[in-house]
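# Structural features, examined
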Amino acid sequence: MSAPTEQMKQHLAVSAIGSDRTGMVHELTRVISECGGNITESRMVALGAEFAMLLLVSGNWHALAKLETELKRLTDSGSLGVHMKRTEPRPARTDMLPYSIDVVSLDQGGIVSGLSGFFATRGIDIAEVSTRSYPAAHTGAPMFSVQMIVNVPSRIPVAHLREEFMDYCDSLNLDAILEPVKS
């Protein structure tokens, strides 16, 4: 009997950013909860002196309409910059296999652009990307790490992809791992 309820659910993608301060997550999540929304997925992170939140919120039509009004009010108050967009849940990708990518190297420009280009030219979707810069433990050298989840179409031979990927990374002096996502 849950199928009709699932079909009535609506979805709203929300991005919010503001000056990093205590209570910011609570401010946004309280509004979502009070409007009858449910956070289905989220990513939140401090970026410099800012704090950014990406959320997928579900709820019935009335709850999301109320939430859109309240989030606009929050934006107008100047405490957060909020962008919203109605969306649908992502359909299951049964023709794709998820792989995890870990890359570490000396910090240099263009790493994410290069990696995303490598996958795009092969028709491989990028599902997630997370990066960070940090000083190396003993030397203090500027380092850069990238973690990605990519969806590889089942028609692509993984052994060949792995070989091309490792050759690409070796050519740029990137230390990399490509392995299946472990459930």
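Structural data are supplied above this passage.
Quick caveat, the model's predicted, so the values are computed rather than measured.

## Structural notes on the overall build of the protein
Of the regular secondary structure elements, the protein holds five helices and eight strands. Start at the N end of the protein and walk to the C end: the helices and strands fall as α-β-α-β-β-α-β-β-α-β-β-α-β. At 20 Å, the protein has a C-alpha radius of gyration far larger than the 16 Å of a compact globule built from 183 residues. If one aligns the C-alpha atoms of the protein with their principal axes, the spans along those axes are about 55 × 45 × 25 Å. Residue burial in the protein is summarised as follows: out of 183 residues, 31% are buried. Summed over all atoms, the accessible surface of the protein reaches about 11,100 Å², with 55% contributed by carbon and sulfur. Within the protein, the 21 negative side-chain charges are centred at a point lying 7 Å from the centre of the 16 positive side-chain charges.

## Some remarks on the packing of aromatic side chains
This model, assessed by the stated rule, comprises four aromatic pairs. Through a chain of ring-to-ring contacts, the aromatic side chains of Phe118, Phe119, Phe165 and Tyr168 assemble into a single cluster. Over the aromatic face of Phe118 sits the side chain of Arg122, whose NZ or CZ is 3.7 Å from the ring centroid.

## Structural notes on the layout of surface pockets
Where empty space is left becomes clear once a probe the size of a water molecule has been rolled over the atoms. Estimated volume of the largest pocket: approximately 880 Å³. Taken together, 27 residues line the largest pocket, and the ones lying closest to its centre are Glu41, Arg43, Leu54, Ala127 and Glu128.

## As for the pairing of strand 2 (residues 38–47)
On a regular strand, one side chain projects to one face of the sheet and the next to the other, so that they alternate. Inspection of the sheet shows strand 2 paired to strand 3 (residues 50–59) by nine bridges, in the antiparallel sense. Bridged to Val45 within strand 3 is Ala52.

Rules and cut-offs
Residues numbered from 1 in each chain as written. Predicted model: local features only at pLDDT ≥ 70, side-chain atom pairs only at ≥ 80, totals over all residues. Heavy atoms only, no water. Helix = DSSP H or I, 4+ residues; strand = E, 2+ residues; numbered from the N terminus. Rg over C-alpha atoms; globule rule 2.2 N^0.38 Å. Buried < 20%, exposed > 50% of the residue type's maximum accessible area, 1.4 Å probe, protein only. Areas by Shrake-Rupley, 256 points an atom, 1.4 Å probe, with all protein chains shown as cover. Lys, Arg positive; Asp, Glu negative; His and termini not counted. Charge placed at Lys NZ, Arg CZ, Asp CG, Glu CD. Phe/Tyr/Trp six-rings, centres within 6.5 Å; stacked < 30°, edge-to-face > 60°. Lys NZ or Arg CZ within 6 Å of the ring centre and 35° of its normal. 1 Å grid on protein atoms, 1.4 Å probe; cavity = no way out; pocket = protein on both sides within 12 Å on 5 of 7 lines; lining within 4 Å. Points joined across faces, edges and corners; volume = space filled by probe spheres on them. Pairing = 2+ DSSP bridges.

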